[in-house]
Amino acid sequence: MYKTILGVAVASLFLLAPAHAGDVEAGERKSQVCQACHGPDGNGIGDPQYPLLAGQYADYMEKTLRDYRSGARDNLIMAGFAATLSDQDIRDLSAFYAAQTGPLRSMRGTR
Ligand code: HEC
């Protein structure tokens, strides 16, 4: 009886978890290569040619990175970095930057 209840509870946890959600900690590890331009936490390095990423919508960032990778968004620098990213890398990196605090305003946490 208890095993059944436990089984159902555990199964529903998996059902509730979004499929292939981005992992913030994995994203942090993968962001090492991005830091030279976007800063350690996505707040930049004080050079306005590099966009701030901290607090950006994860869904916007995922689309943007896929667009750089496919060439739909054309930028030589970012095309090179995005080319090395898997779909999971993109989800993890986007989750990491979305979780950082910065001056960008988004609806994160309110919807
Ligand atoms: C050598 C410098 C450099 C590195 C390293 C770099 N970027 Fe960028 N990134 C740029 C530049 C320049 C732009 C602006 C490109 C444009 O105009 O589209 C940009 C733009 C972006 C954008 C779009 C931001 C927006 O507001 O639309 C994202 C997302 C992004 N980078 C993520 C990353 C990630 C993730 C990494 C690491 C895997 C990374 N970048 C590494 C230079 C860099």
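Description of the structure in this document. Small disclaimer: the values here were computed from a predicted structure and weren't measured.

**With respect to the overall build of the protein**
Okay, step 1: If you tally the helices and strands in the protein, you get six helices and zero strands.
Okay, step 2: Beginning at the N terminus, the succession of helices and strands in the protein can be written as α-α-α-α-α-α.
Okay, step 3: For the protein, the share of sequence-separated contacts (at least 6 apart) that also reach a separation of at least 24 residues comes to 64%.
Okay, step 4: Approximately 7600 Å² of the protein is accessible, and the part contributed by carbon and sulfur atoms is 61%.

**Here we look at the coordination of the iron atom of the ligand**
Okay, step 1: Protein-derived ligands of the iron atom of the ligand are His-38 (NE2) and Met-78 (SD), with the metal-ligand distances lying across 2.0 to 2.2 Å.
Okay, step 2: In this structure, the iron atom of the ligand is coordinated by six donor atoms arranged in octahedral fashion, with angles at the metal of 86 to 179°. Here Met-78 lies in helix α5 (residues 76-82) and His-38 lies in helix α3 (residues 35-38), a separation of 40 residues in the sequence. The pair formed by His-38 and Met-78 is uniform in burial state, with each residue classed as buried.

**Topic: the nonpolar core**
Okay, step 1: Counting residues in hydrophobic clusters, the biggest one holds twelve residues: Cys-34, Leu-53, Met-61, Leu-65, Tyr-68, Met-78, Ala-82, Leu-85, Ile-90, Leu-93, Phe-96 and Tyr-97.
Okay, step 2: Secondary structure elements with two or more residues in this core: α4 (58-70), α5 and α6 (87-98).
Okay, step 3: Setting aside anything within four residues of it in sequence, one finds Leu-93 in contact with Gly-27, Lys-30, Ser-31, Cys-34, Met-61 and Leu-85.

**Examining a nonpolar patch on the surface**
Okay, step 1: Where nonpolar side chains cluster on the molecular surface, the patch consists of Val-33, Ile-77 and Phe-81 and spans about 270 Å² of accessible area.
Okay, step 2: Here Phe-81 is to be found in helix α5.
Okay, step 3: On the basis of relative accessible area, Phe-81 is assigned to the partly exposed category, the value being 37%.

**Digging into the site of the ligand**
Okay, step 1: With respect to spatial proximity, 19 residues lie near the ligand, and among them Cys-34, Cys-37, His-38, Tyr-60 and Met-78 are the closest.
Okay, step 2: Within the side chain of Tyr-68, a nitrogen or oxygen atom sits 2.7 Å from an oxygen atom of the ligand.
Okay, step 3: Contacts to the ligand include Arg-73, whose side-chain N or O atom sits 2.9 Å from an oxygen atom.
Okay, step 4: Sorting the residues of the shell around the ligand by element identifies α3, α4 and α5 as the ones contributing at least two each.
Okay, step 5: Per-element accounting of the shell around the ligand gives the leading share, five residues, to α4.
Okay, step 6: Here the shell around the ligand is composed, by residue class, of 14 nonpolar, four polar and one charged.

Conventions adopted
Residues numbered from 1 in each chain as written. Predicted model: local features only at pLDDT ≥ 70, side-chain atom pairs only at ≥ 80, totals over all residues. Heavy atoms only, no water. Helix = DSSP H or I, 4+ residues; strand = E, 2+ residues; numbered from the N terminus. Contact = heavy atoms within 4.5 Å. Areas by Shrake-Rupley, 256 points an atom, 1.4 Å probe, with all protein chains shown as cover. Donors = N, O, S within 2.8 Å, 3.2 Å for Na, K, Ca; no water. Tetrahedral: all angles 85-135°; square planar, octahedral: opposite > 155°, others 65-115°. Buried < 20%, exposed > 50% of the residue type's maximum accessible area, 1.4 Å probe, protein only. Core = buried A, V, L, I, M, F, W, Y, C linked by side-chain atoms within 4.5 Å. Patch = residues over 30% accessible without salt bridge, like charges linked within 9 Å, V, L, I, M, F, W, Y side chains within 5 Å. Salt bridge = Lys/Arg side-chain N within 4 Å of Asp/Glu carboxyl O. Near = heavy atom within 4 Å. Polar contact = N/O pair within 3.5 Å; in protein donor to acceptor, adjacent residues only side chain to side chain. Nonpolar A, V, L, I, M, F, W, Y, C, P; charged D, E, K, R; others polar.

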